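Observations on the three-dimensional arrangement
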Amino acid sequence: MADAALELRSIRQDYGQGDGVLHVLKGAELTVNAGEMVALVAPSGTGKSTLLQIAGLLEQPTSGDVIVGGHDASSLEDDDRTALRRNTIGFVYQFHHLLPEFSARENIMLPQLIAGLPQNEAYERAEQMLSYLKIGHRAEHRPAELSGGEQQRVAIARAVANAPSLLLADEPTGNLDPETAGYVFEALEALVKQSGLAALVATHNLDLAARMDRCVTLQDGLVVDR
Ligand SMILES: Nc1ncnc2c1ncn2[C@@H]1O[C@H](COP(=O)(O)OP(=O)(O)OP(=O)(O)O)[C@@H](O)[C@H]1O
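Residues numbered from 1 in each chain as written. Predicted model: local features only at pLDDT ≥ 70, side-chain atom pairs only at ≥ 80, totals over all residues. Heavy atoms only, no water.

Things to note about the nonpolar core
Residues Met37, Ile108, Val154 and Leu167 are the most contacted members of the largest nonpolar core, which totals 40 residues. Mapped by element, the contributors of at least two residues to this core are strand E3 (37-40), helix H3 (104-114), helix H4 (119-132), helix H5 (148-160), strand E7 (166-170), helix H6 (178-195), strand E8 (198-202) and helix H7 (206-210). Among the elements that make up this core, the one with the highest residue count is H6 (seven residues). Dropping the residues within four chain positions of it, leucine 167 is found in contact with Gly90, Phe91, Val92, Ala159, Val160, Leu188, Leu197, Ala198, Ala199 and Leu200. Leu6, Val38, Ile54 and Ala73 belong to the second-largest nonpolar core, a separate cluster that totals 31 residues. (Core = buried A, V, L, I, M, F, W, Y, C linked by side-chain atoms within 4.5 Å. Buried < 20%, exposed > 50% of the residue type's maximum accessible area, 1.4 Å probe, protein only. Helix = DSSP H or I, 4+ residues; strand = E, 2+ residues; numbered from the N terminus. Contact = heavy atoms within 4.5 Å.)

Shown next as structure tokens:
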């Protein structure tokens, strides 16, 4: 069996809606293997963000199991689940969420320092990431001094700085023009292939989805091949 970085088993998610209940996920199953890049393409409101939040251990499903790197998160206490998330999962969002008062390099160093890495190692790793993503010359710039594509590349670098095994991305190129989206995606793709990371990428961009290893969608609360 291939190494599963993420396994979602029988995930149900219900939300209260007025007097009723909205059943967003109804037994969703998904496996993403190491080194695999999976596109999640589905109409608005079908539950993509919900699925990513659950896969990222940011939200507890109503029922079902979330297995990350072989660890069943459903059975963990909050602290252990947070530790598992910090150690194994990186996130990239549509808007970069970089800290505005810090430089690109510092934004990439911070999660490493929080994880307990010494300053010089965090610095070296940030330099490598910046250079790999071809933004080494922007290391000292603050987010507001970077272009949208550069900001997203810094956000990607920050997400993978702690060498996670799973990368979850919610519309990572959603606010970029097509050309910039293309090269940010190339950076992401190269990183996934080079590091053996598993990636689940929600996107409305069908061109980019077609370039991933596999494309799934959400249909009536279930994950199905697209
Ligand atoms: N915390 C919540 N409480 C109640 N309803 C919620 C909650 N979170 C999401 N929903 C509802 O669940 C459904 C799925 O939402 P979700 O954000 O996962 O969709 P999505 O596919 O990511 O949409 P989009 O592409 O527009 O971001 C929507 O109808 C939404 O209103």
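Additional details are given in the paragraphs that follow.
A few points about helix H2 (residues 78-88)
Turning to H2, its buried residues are Arg81, Leu84, Arg85 and Thr88. What you see down the axis of H2 is that its buried residues fit within an arc of 100°, all on one side. Within H2, the exposed residues directed more than 90 degrees away from the buried face are Asp79, Arg86 and Asn87. Buried-residue contacts for H2 involve strand E4 (63-68), strand E5 (71-72), strand E6 (89-92) and E7. (Arc of directions from axis to C-beta.)

Focus on the sheet that holds E5
In space, the four strands of this open sheet follow the order E2-E1-E4-E5, with antiparallel pairing throughout. The sheet is open, and its two borders are formed by strand E2 (20-33) and E5, each paired with just one other strand. Two strands pair when backbone bridges link them, and strand E1 (residues 4-17) and E2 are joined in this way by 11 bridges, in the antiparallel orientation. Each residue of the ladder has a partner; that of arginine 12, found in E2, is lysine 26. Against the sheet, helix H1 (residues 48-55) touches E1, E2 and E4, its axis set at about 125° to E1. (Pairing = 2+ DSSP bridges. Axes fitted to C-alpha atoms, helices over the stretch in contact; angles between N-to-C directions.)

Structural notes on the pairing of E4
As paired elements, E1 and E4 share five bridges and run antiparallel to each other. Looking across to E4, one finds that arginine 12 is bridged to serine 63. Where E4 lies against E5, two bridges are found, and the strand directions are antiparallel. Bridge assignment links isoleucine 67 to a residue of E5, and that residue is aspartate 72. What sits between the antiparallel neighbours E4 and E5 is a turn of two residues, in which glycine 69 has the positive phi angle 55°.

With respect to the site of the ligand
Every residue close to the ligand is listed here: Tyr15, Leu22, Val24, Pro43, Ser44, Gly45, Thr46, Gly47, Lys48, Ser49, Thr50 and His204. Within the side chain of threonine 50, a nitrogen or oxygen atom sits 2.6 Å from an oxygen atom of the ligand. In isolation the ligand offers 640 Å² of accessible surface; the protein chains occlude 57% of this area. When contributions to the shell around the ligand are tallied by element, the ones reaching two or more residues are E2 and H1. Among the elements that line the shell around the ligand, the one with the most residues is H1, at three residues. Here the shell around the ligand is composed, by residue class, of four nonpolar, seven polar and one charged. (Near = heavy atom within 4 Å. Polar contact = N/O pair within 3.5 Å; in protein donor to acceptor, adjacent residues only side chain to side chain. Areas by Shrake-Rupley, 256 points an atom, 1.4 Å probe, with all protein chains shown as cover. Nonpolar A, V, L, I, M, F, W, Y, C, P; charged D, E, K, R; others polar.)

Observations regarding the pattern of salt bridges
All chains considered together, the criterion is met by 10 salt bridges. One salt bridge in this structure joins arginine 105 and glutamate 127, with 2.6 Å as the shortest N-O distance. Here the residue arginine 105 occupies a position in helix H3, and glutamate 127 occupies one in helix H4, the gap between them amounting to 22 residues. Take arginine 105: its relative accessible area is 10%, and that puts it in the buried class. (Salt bridge = Lys/Arg side-chain N within 4 Å of Asp/Glu carboxyl O.)

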